[in-house]
Number of protein chains: 2
Amino acid sequence: MEQIRIFCPATVANISCGFDVLGLCLDTIGDEMIIRKTSRKGIHISKISGQSLPTDPHKNVAGVAAMAMLKNLNTDNGFEIEIQKNIKAGSGIGSSAASAAGAVYGINKLMGSPFGTSEMVAFAMEGEQLASGALHADNVAPALFGGFTLVRSYDPLDIVKIHCPGELAVAVIHPQIEVKTSDARAVLKKNIPLKSAIRQWGNLGGLISGLYTEDYELISRSLHDEIVEPHRSVLIPAFKELKEAAALNGALGSGISGSGPSVFALCKGEKTARKVADAMKKVYSKTGVAHELHISKINPEGIKILDR
Amino acid sequence: MEQIRIFCPATVANISCGFDVLGLCLDTIGDEMIIRKTSRKGIHISKISGQSLPTDPHKNVAGVAAMAMLKNLNTDNGFEIEIQKNIKAGSGIGSSAASAAGAVYGINKLMGSPFGTSEMVAFAMEGEQLASGALHADNVAPALFGGFTLVRSYDPLDIVKIHCPGELAVAVIHPQIEVKTSDARAVLKKNIPLKSAIRQWGNLGGLISGLYTEDYELISRSLHDEIVEPHRSVLIPAFKELKEAAALNGALGSGISGSGPSVFALCKGEKTARKVADAMKKVYSKTGVAHELHISKINPEGIKILDR
């Protein structure tokens, strides 16, 4: 195999009570990437369409992730990367993660899969570091594992794939404003009340339990975030109205996707997700803020091979 | 049915990363209670053996819990309670919870089970409030539900029973020193670093996932507590040595039971739990601190009826 074409999905990180540890994988929105094995050594990004992004591999998340993997491969070959970006940068649904995860997934496949999924996550995180300044895995993990993932620990890296009920679907609204990750980080408190933390981990326990037992009511009761959402939501236009519209139209819960500005609503069934997306659209039609909507089932497998 | 005799099990609350939310039920240590329906109205405690505790129902956790339930029952009868206390008060393995849970369980059975398990937890919590000054459920919930329980929320009360792998067993060492709950509370910080909280809920997610998937390695990797244990463990003699002995002898993890002074070790299999208990005993033979040991499988059903 000398070339592989893959679908690199968007992802939702945090998921209310799962700040910095949970993520889920979407199915209907993602980038396309072509990775080619070349006799020319090193990593080369030959083409990026859809968005204006640097092709210098040292300045591109896919390039940095690919180079991190290449350093650990014993090969005389190099790799050429083409990216069709469909996930908007800065949307909060894992645009950089899709590129970083795609690059390592593609190279790993072309090399006969020498690395396991968790090892791929570690390489992809180096790409993520270029994008956000932090080694975080909550988007690259669901992109590579699919479904729902938990980052139990960073040191050592320990990713757990959580069972995901088949009917879960997601509605996402992406307000086309810029929320800088640095701003989203700056509004957070360094210290939090122990009492709030206890409520948060009670909810996280409920959410994970609900996912394993496919108890949609429990999932719904657990989707709260009193640590991060109150601070970050002020950066998102009409956040409260979006949440109310989601709840009124049957969503299990809703919150900020990653560090925003996208807002997700978790739903039982795609039909409900469509209804919730329509209601969110209605809220935004009043604000005048340009926006995009996505409706998706949870993607259980992550990155998909389109052809070889 | 006019009388019921029941076994009211000891319980372990907190369980490392599950501070204030997780609890588990033991099988080999517990009180015995006899509850009788009487024509005399109200709650009467006729006999307490094994320990010196007040028989005035207003000053006894079983009495307070029973009265809380009685207020919500439409009956002309009253109830008489006899308690054989085997769980030492102040041991940190749910002595007061066993009495409170037993009282409401017994009365509920004698009345034809008008209340569900979560409602019984709410009544039993009123007894717990007398003992500790706080309405907490992390011992009464596992006593009444059995197995592993999560208190997802107190407002509204929401208890989740978590799947428990069949081979899980517990070794408990009870150093016979007094650790006042007020002291154990006082050493806690009101505010905690967000970073520590994230690691804690990552571990809680891992533990719950490991319980559902019966992944003992994941359970083991998740049994950490960096929020409470560092502060409370100073109140427990040779705590570090107990943890080391437990780890060296194959325990999945260990920590403070409730607010102490008991220390638990979670193990795969009773054989390992016995080995760990022996190793803990050896540690304590050097300290000269009097102690008791308990070895138990997890009790999946909670309170048991001995006869009617």
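Residues numbered from 1 in each chain as written. Chains lettered and ligands numbered in written order. Predicted model: local features only at pLDDT ≥ 70, side-chain atom pairs only at ≥ 80, totals over all residues. Heavy atoms only, no water.

1. Concerning the overall build of chain A
Test applied: Put simply, DSSP marks the helices as runs of H or I at least four residues long and the strands as runs of E at least two long, and each gets a number from the N terminus on. Each radius of gyration reported is based on C-alpha atoms, and the globular scaling rule is 2.2 Å times the count of residues to the power 0.38. Each residue's exposure class comes from its accessible area (1.4 Å probe, protein chains only) as a fraction of the maximum for that residue type: buried when under 20%, exposed when over 50%, partly exposed otherwise. Between two residues, a contact is recorded if the distance between any of their heavy atoms is within 4.5 Å. Using the Shrake-Rupley algorithm and a 1.4 Å probe, accessible areas are obtained, with residue cover drawn only from the displayed protein chains.
Looking only at helices and strands, chain A features 10 helices and 12 strands. A compact globule built from 308 residues would reach a C-alpha radius of gyration of about 19 Å, and chain A, at 19 Å, matches this within 12%. C-alpha extents for chain A along the principal axes are approximately 55 × 40 × 35 Å. Expressed as a percentage of the 308 residues in chain A, the buried residues total 59%. Contacts in chain A between residues at least 24 apart in sequence constitute 73% of all its contacts with a sequence separation of at least 6. On chain A, roughly 11900 Å² of surface is accessible, and the fraction owed to carbon and sulfur atoms is 48%.

2. Brief notes about the sheet that holds strand β7 (residues 168-175) of chain A
Residues and elements named next belong to chain A. The following threshold applies: Note on pairing: DSSP must find at least two bridges between two strands before they are called paired. Here an axis means a line fitted to C-alpha atoms, over the contact stretch when the element is a helix, while the angle between two N-to-C directions is reported on a 0 to 180 degree scale.
Ordered by their spatial adjacency, 4 strands build an open sheet running β9-β10-β7-β11, and the pairing between neighbours is antiparallel. Edge strands, defined here as strands with exactly one partner in the open sheet, are β9 (253-256) and β11 (291-297). Looking at each pair of strands side by side, their axes are set apart by 15° on average, direction ignored. As judged from the 6 bridges shared by β7 and strand β10 (residues 263-268), these two strands associate in the antiparallel manner. Within β10, the position partnered with valine 172 by the bridge is phenylalanine 264. Lying over the sheet, helix α9 (residues 239-248) contacts β7, β9 and β10, oriented at roughly 155° with respect to β9.

3. Details of the UniProt feature "domain: GHMP kinase C-terminal" (unreviewed entry) in chain A
Put simply, the rule is: UniProt positions are given in the numbering used here, feature names are shortened, and annotations may be inferred rather than shown by experiment.
Here, UniProt's "domain: GHMP kinase C-terminal" (unreviewed entry) annotation points to residues 208-285 of chain A. For residues 208-285 of chain A, the helix share is 55%, the strand share is 13%, and the end-to-end C-alpha distance is 35 Å.

4. A closer look at the sheet that holds strand β10 (residues 263-268) of chain B
Residues and elements named next belong to chain B. Read across the sheet, 4 strands follow the order β9-β10-β7-β11 without closing on themselves; strand pairing throughout is antiparallel. Strand pairing shows two members of the sheet lacking a second neighbour, β9 (253-256) and β11 (291-297), which therefore form its edges. Put simply, the sheet's adjacent strands are angled 15° from each other on average, direction ignored.

5. Considering the side chain of arginine 152 of chain B
Filter applied, for reference: Between N or O atoms, a polar contact is any pair within 3.5 Å; within protein, one atom must be a potential hydrogen donor and the other a potential acceptor, and residues adjacent in sequence are included only when both atoms are from side chains.
One can find arginine 152 of chain B in strand β5 (residues 148-154). You can call arginine 152 of chain B buried: its relative accessible area is 7%. Among the polar contacts listed, one links the side chain of arginine 152 of chain B to the backbone oxygen of arginine 221 of chain A, at a separation of 2.9 Å. Once residues within four sequence positions are removed from consideration, arginine 152 of chain B is found in contact with Gly202, Asn203, Gly206, Leu218, Arg221, Ser222 and His224 of chain A together with Asp158 and Val160 of chain B.

6. Quick notes on the domain arrangement of chain A
All names here are of chain A. Using the following cut-off: Where each domain begins and ends is defined by an automated method or by a domain database. A simple way to read buried area is as the amount of 1.4 Å-probe accessible surface that goes missing from two parts once joined, with both sides added.
Under the domain assignment, chain A is made up of domain 1 (3-163 + 300-307) and domain 2 (168-297). For domain 1 and domain 2, the distance between their C-alpha centres works out to 24 Å. Taken together, the contact between domain 1 and domain 2 spans 28 residues of the former and 37 residues of the latter. Between domain 1 and domain 2 the total buried area reaches about 2500 Å² when both faces are included, carbon and sulfur atoms providing 63% of it.

7. Section: the pairing of β9 of chain B
All names here are of chain B. As judged from the 4 bridges shared by β9 and β10, these two strands associate in the antiparallel manner. When the sheet's bridge partners are listed, glycine 255 is paired in β10 with phenylalanine 264. The antiparallel pairing of β9 with β10 creates a hairpin that spans 6 residues between the two strands, and glycine 258 there sits at a positive phi of about 60°.

8. Things to note about unusual backbone geometry
Aspartate 155 of chain A connects to proline 156 of chain A through a cis peptide bond whose omega is 5°. Positionally, proline 156 of chain A belongs in the loop between β5 (148-154) and β6 (157-162). Between glycine 260 of chain B and proline 261 of chain B the backbone carries a cis peptide bond, its omega angle lying at 5°. One non-glycine residue with positive phi stands out, namely serine 16 of chain A, at about 55°. Assignment of secondary structure puts serine 16 of chain A in the loop between β1 (3-13) and β2 (22-38). In the Ramachandran plot, glutamate 214 of chain B falls in the positive-phi region, its phi being about 55° despite a non-glycine side chain. Its place among the elements puts glutamate 214 of chain B in the loop between α6 (194-213) and α7 (216-222). Note on glutamate 214 of chain B: relative accessible area 37%, which makes it partly exposed.

9. Section: the interface of chain B and chain A
Convention followed: Salt bridges are counted wherever a side-chain nitrogen of Lys or Arg sits within 4 Å of a carboxyl oxygen of Asp or Glu.
If you look at the interface, chain B gives 36 residues, while chain A gives 36 residues. Of the roughly 2700 Å² buried at the junction of chain B and chain A (both faces included), carbon and sulfur atoms supply 68%. In terms of surface lost to chain A, no three residues of chain B exceed Arg152, Leu194 and Trp201 of chain B, which account for 28% of the buried area on that side. On inspection of chain B and its partner chain A, the count reaches 2 salt bridges. In this assembly, chain B and chain A are joined by 13 residue pairs in polar contact (both at pLDDT 80 or more).

10. Concerning the relation of the copies chain B and chain A
Keep this limit in mind: Copies are brought into register by a least-squares superposition over C-alpha atoms of residues with pLDDT of at least 70 in both.
Mapping chain B onto chain A leaves a residual RMSD of 0.0 Å; the transformation is a rotation of 180° accompanied by 0.0 Å of translation along its axis. Here the copies are linked by what is in effect a two-fold axis. Looking at chain B, 100% of its interface residues are interface residues in chain A too, so the copies touch through the same face.

11. Structural notes on the packing of aromatic side chains
This is how the line gets drawn: Aromatic rings from Phe, Tyr and Trp, with only the six-membered ring used for Trp, were paired whenever their centres fell within 6.5 Å, and each pair was classed as stacked if the ring planes differed by under 30 degrees, edge-to-face if by over 60, and tilted otherwise.
Counted under the stated rule, the structure contains 3 aromatic pairs over all chains. Both rings, one in tyrosine 212 of chain A and one in tyrosine 212 of chain B, keep their centres 5.2 Å apart while their planes meet at 5°; by these two values the pair is stacked. With tyrosine 212 of chain A in helix α6 (residues 194-213) and tyrosine 212 of chain B in helix α6, this residue pair bridges two chains. Since its relative accessible area comes to 14%, tyrosine 212 of chain A is described here as buried.

12. Focus on the nonpolar core
Cut-off, in case you're wondering: What we call a nonpolar core is a set of buried Ala, Val, Leu, Ile, Met, Phe, Trp, Tyr and Cys residues that are connected through their side-chain atoms within 4.5 Å.
Grouped together as the largest cluster of nonpolar side chains are 164 residues, with contacts concentrated most on Trp201 and Leu266 of chain A together with Trp201 and Leu266 of chain B. Excluding anything up to four places from it in sequence, tryptophan 201 of chain B contacts Cys17, Gly18, Phe19, Val21, Ile192, Ala197, Gln200, Trp201, Leu204 and Ile227 of chain A together with Leu194 of chain B.

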